[in-house]
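So you can see what is in the structure, the chains are spelled out below.
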Amino acid sequence: MACNESVNIDLHIHSDASDGTLSPSEILTMARHLELGAIAITDHDTVAGSKTAISVGIPDSLNFLTGIEISAHPPPSFPCAGSFHILGYGINADDPLLNRTLDVLQEARKNRNPRVIERLTGLGIEISPDELTDNFKGCQIGRPHIARLMVKKGVVSSVNEAFDKYLSRGKPAYADKYRVDCREAIEVILGAGGIPVLAHPVLLDPLNEKPLEYLISLLKSMGLKGIEVYYPEHSPEQTARYAEIAGQYDLLMTGGTDFHGSLKPEIRMGSGRGDFSVPYALYEKLIRASS
Ligand code: AMP
Ligand code: FE
Ligand code: FE
Ligand code: ZN
């Protein structure tokens, strides 16, 4: 599909295959109504959402990229307290090594939930595994689902409060989970024919004084191909800085809203809080690089 300059894209969308609340089919319908030029479904540690979207059929007016968002360990010399996520675009969703890696990560997610529940019980907050599976049938259950159940039960008044008081790293109900190393995340995406991109640099929360350029050069040496420059939480100054770094290291720029449906109701597909957009030209550069 040819697109003019006013068309926007959203390359960071979660479906109900991970912690989004819309199905892949509903996401496609919404993207078409919003007249987006291209989207990618980037679920946490699963390609199920992308696969379902393809099987239900991509509307003619929309370009679709398969996607993934892998939770990884940062390099040991650049420790981070925040979210270190590697996005992958244009992957072969049937790639055997990718799928084996994702299976291990899915298992680790499942094993983590009982430990979070145990900690909550220790704090006097009763949530049972059955309640979780009954409330979120077919979902890849994680902390956001536990948070939503805590809201439903009146333990907290919002998902954010559940994270801030209990579930975030360093809070009393936090339990760590197995992650792949960033090198493995990058290699597995490359091996599946995809483009690895550092997600939302603003959320890294580095624990040392090394500049972001240090991390980027390290990741680039591992095979990183892009930076998520456009993200609703990036200030105009941060966006400009990340764009400059992308230019300096000859990396692609990507962008998306991190749409999660009603889990993050303030973030709308394609437009974030209303003042956000990602130009179509970035999608064109991305597909040119992947072909
Ligand atoms: P998990 O997959 O269990 O590690 O949970 C990570 C996901 O939780 C993130 O991708 C977000 O969707 C969500 N999340 C993390 N921190 C917060 C927060 N403070 N408020 C709401 N959602 C959050
Ligand atoms: Fe999420
Ligand atoms: Fe993320
Ligand atoms: Zn995300």
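Residues numbered from 1 in each chain as written. Chains lettered and ligands numbered in written order. Predicted model: local features only at pLDDT ≥ 70, side-chain atom pairs only at ≥ 80, totals over all residues. Heavy atoms only, no water.

## Focus: the coordination of the iron ion (ligand 2)
Rules: Donor atoms: N, O and S within 2.8 Å of the metal, or within 3.2 Å for Na, K and Ca. Because water is excluded, sites can look incomplete. Square planar and octahedral sites, with four and six donors, are those where opposite donors lie more than 155 degrees apart and all other angles lie between 65 and 115, tetrahedral sites have four donors with every angle between 85 and 135 degrees, and the rest are irregular. Runs of H or I in DSSP of at least four residues are treated as helices and runs of E of at least two as strands, each being numbered from the N terminus. Residue burial is assigned from relative accessible area. The probe radius is 1.4 Å, only protein chains are included, and a residue is buried under 20% of its type maximum, exposed over 50%, and partly exposed in between.
Taken together, Asp19 (OD), Asp19 (OD), His44 (NE2) and His260 (NE2) make up the protein donors of the iron ion (ligand 2), found 2.1 to 2.7 Å from the metal. For the iron ion (ligand 2), the 6 donor atoms are set out with angles of 52 to 149 degrees between them, so the coordination reads as irregular. Here the iron ion (ligand 2) and the iron ion (ligand 3) are spaced 6.0 Å apart. Taken together, the positions of Asp19 in the loop between β1 (8-13) and α1 (24-33) and His44 in the loop between β2 (38-41) and α2 (48-56) put the pair 25 residues apart, joining distant regions of the chain. Per residue, the accessibility class of Asp19 equals that of His44, and both read buried.

## Considering the coordination of the iron ion (ligand 3)
Only Glu69 (OE), His85 (ND1) and His200 (NE2) from the protein reach the iron ion (ligand 3) as donors, at distances of 2.0 to 2.2 Å. Between consecutive donor residues of the iron ion (ligand 3), the sequence gaps follow E-x15-H-x114-H. A relative accessible area of 0% places Glu69 in the buried class.

## Things to note about the site of ligand 1
Selection rule: Proximity criterion: a residue is near a molecule or strand once any of its heavy atoms comes within 4 Å of it. Any pair of N or O atoms that falls within 3.5 Å is considered a polar contact. Within protein, one atom must be able to donate a hydrogen and the other to accept it, and sequence-neighbouring residues count only if both atoms are side-chain atoms. With residues, only the protein chains shown are counted as cover, and all accessible areas are computed by Shrake-Rupley using a 1.4 Å probe. Amino acids outside the nonpolar list (Ala, Val, Leu, Ile, Met, Phe, Trp, Tyr, Cys, Pro) and the charged list (Asp, Glu, Lys, Arg) are all regarded as polar, and Gly is one of them.
All residues adjacent to ligand 1 are Asp19, His44, Arg109, Arg112, Gly142, Arg143, Pro144, Val159, Asn160, Phe163, Lys177 and His260. Arg143 places a polar main-chain atom, nitrogen or oxygen, 2.9 Å from an oxygen atom of ligand 1. Within the side chain of Asn160, one N or O atom sits 2.6 Å away from a nitrogen atom of ligand 1. A total of 500 Å² of accessible area belongs to ligand 1 in isolation, and the protein chains cover 81% of it. Among the elements that make up the shell around ligand 1, the one with the highest residue count is helix α6 (residues 159-167) (3 residues). For the shell around ligand 1, a count of residues per class yields 3 nonpolar, 4 polar and 5 charged.

## A few points about the packing of aromatic side chains
Threshold: Pairing of aromatic side chains here covers Phe, Tyr and the six-membered ring of Trp, requires ring centres within 6.5 Å, and sorts the geometry by plane angle: under 30 degrees stacked, over 60 edge-to-face, intermediate tilted. Two conditions define a charge located above a ring, namely a distance within 6 Å from the ring centre to NZ of Lys or CZ of Arg, and an angle within 35 degrees of the ring normal.
Within this structure, the stated rule accounts for 2 aromatic pairs. Pairing Phe78 with Tyr214 gives two aromatic rings, centres 6.3 Å apart and planes at 25 degrees, and the pair type is stacked. Taken as a pair, Phe78 in the loop between β3 (63-73) and β4 (85-89) and Tyr214 in helix α8 (residues 212-222) lie far apart in primary sequence, 136 residues in all. Since its relative accessible area comes to 1%, Phe78 is described here as buried. Taking relative accessible area as the criterion, Tyr214 reaches 27% and is therefore assigned partly exposed. Aromatic pair Tyr280 and Tyr283: ring centres 5.5 Å apart, planes at 50 degrees, arrangement tilted. Of the two residues, Tyr280 and Tyr283 both sit in helix α10 (residues 280-290), 3 residues apart, roughly one turn of that helix. Residues Tyr280 and Tyr283 agree in their burial class; the two are buried. Above the face of the Tyr214 ring, Lys210 is positioned so that its terminal group lies 4.7 Å from the ring centre.

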